[in-house]
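Analysis of the macromolecular model
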Amino acid sequence: MKRQKRDRFQRAYVHGYKAGVIGRSRDDCPSQDINLREYWMSGWREGRGDQWDGMTGISGIHKNPSVMT
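As the structure is a computational prediction, the values presented were derived from the model and not from experiment.

Here we take up helix H2 (residues 34–52). Since the α-helix advances by 3.6 residues per turn, residues separated by three or four positions end up pointing in the same direction. The terminal C-alpha atoms of H2 lie 27 Å apart, and with 19 residues this matches the ideal 27 Å at 1.5 Å per residue to within 8%. Every buried residue of H2 is accounted for by Leu36, Trp40, Met41, Gly43, Trp44, Gly47, Arg48, Gly49 and Asp50. The elements touched by buried residues of H2 are helix H1 (8–22).

Further remarks concern the pattern of salt bridges. Here the structure, examined in full by the defined rule, presents two salt bridges. Residue Arg8 pairs with Asp33 through a salt bridge whose shortest N-O separation is 3.6 Å. Here the residue Arg8 occupies a position in helix H1, and Asp33 occupies one in the loop between H1 and H2, the gap between them amounting to 25 residues. You can call Arg8 partly exposed: its relative accessible area is 45%. Two residues, Arg24 and Asp28, come together in a salt bridge whose shortest N-O distance is 3.5 Å. Residue classification places Arg24 among the partly exposed residues on the basis of a relative accessible area of 37%.

Within this structure, the stated rule accounts for one aromatic pair. The ring of Phe9 carries Arg8 above its face, with NZ or CZ at 5.8 Å from the centroid.

Right, let's get into the environment of Leu36. As for its placement among the helices and strands, Leu36 is situated in helix H2. Accessibility expressed as a relative area gives 16% for Leu36, which makes it buried. Linking Leu36 and Tyr13, residues 23 residues apart in sequence, is a C-alpha distance of 8.2 Å. Excluding its chain neighbours within four sequence positions, the residues that come into contact with Leu36 are Arg8, Phe9, Ala12 and Ser31.

The rules behind these values
Residues numbered from 1 in each chain as written. Predicted model: local features only at pLDDT ≥ 70, side-chain atom pairs only at ≥ 80, totals over all residues. Heavy atoms only, no water. Helix = DSSP H or I, 4+ residues; strand = E, 2+ residues; numbered from the N terminus. Expected span 1.5 Å × (residues − 1). Buried < 20%, exposed > 50% of the residue type's maximum accessible area, 1.4 Å probe, protein only. Contact = heavy atoms within 4.5 Å. Salt bridge = Lys/Arg side-chain N within 4 Å of Asp/Glu carboxyl O. Phe/Tyr/Trp six-rings, centres within 6.5 Å; stacked < 30°, edge-to-face > 60°. Lys NZ or Arg CZ within 6 Å of the ring centre and 35° of its normal.

By themselves, these figures tell us nothing about what the structure is for.
Now the structure itself:
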């Protein structure tokens, strides 16, 4: 059974969140498309905020968007 592809924007957000949580730079955004970059940056900002709040590892599992979906 084939899995339905996820929304490109949701994937960009999740990838940005993961990059933010592990502390990568915002300049590491892989997309040059304005809309995808906007979603990636939103995820990155949220992930970075969670990293600063100490929501990394097991303490942040409830905030991880890939676990929630």
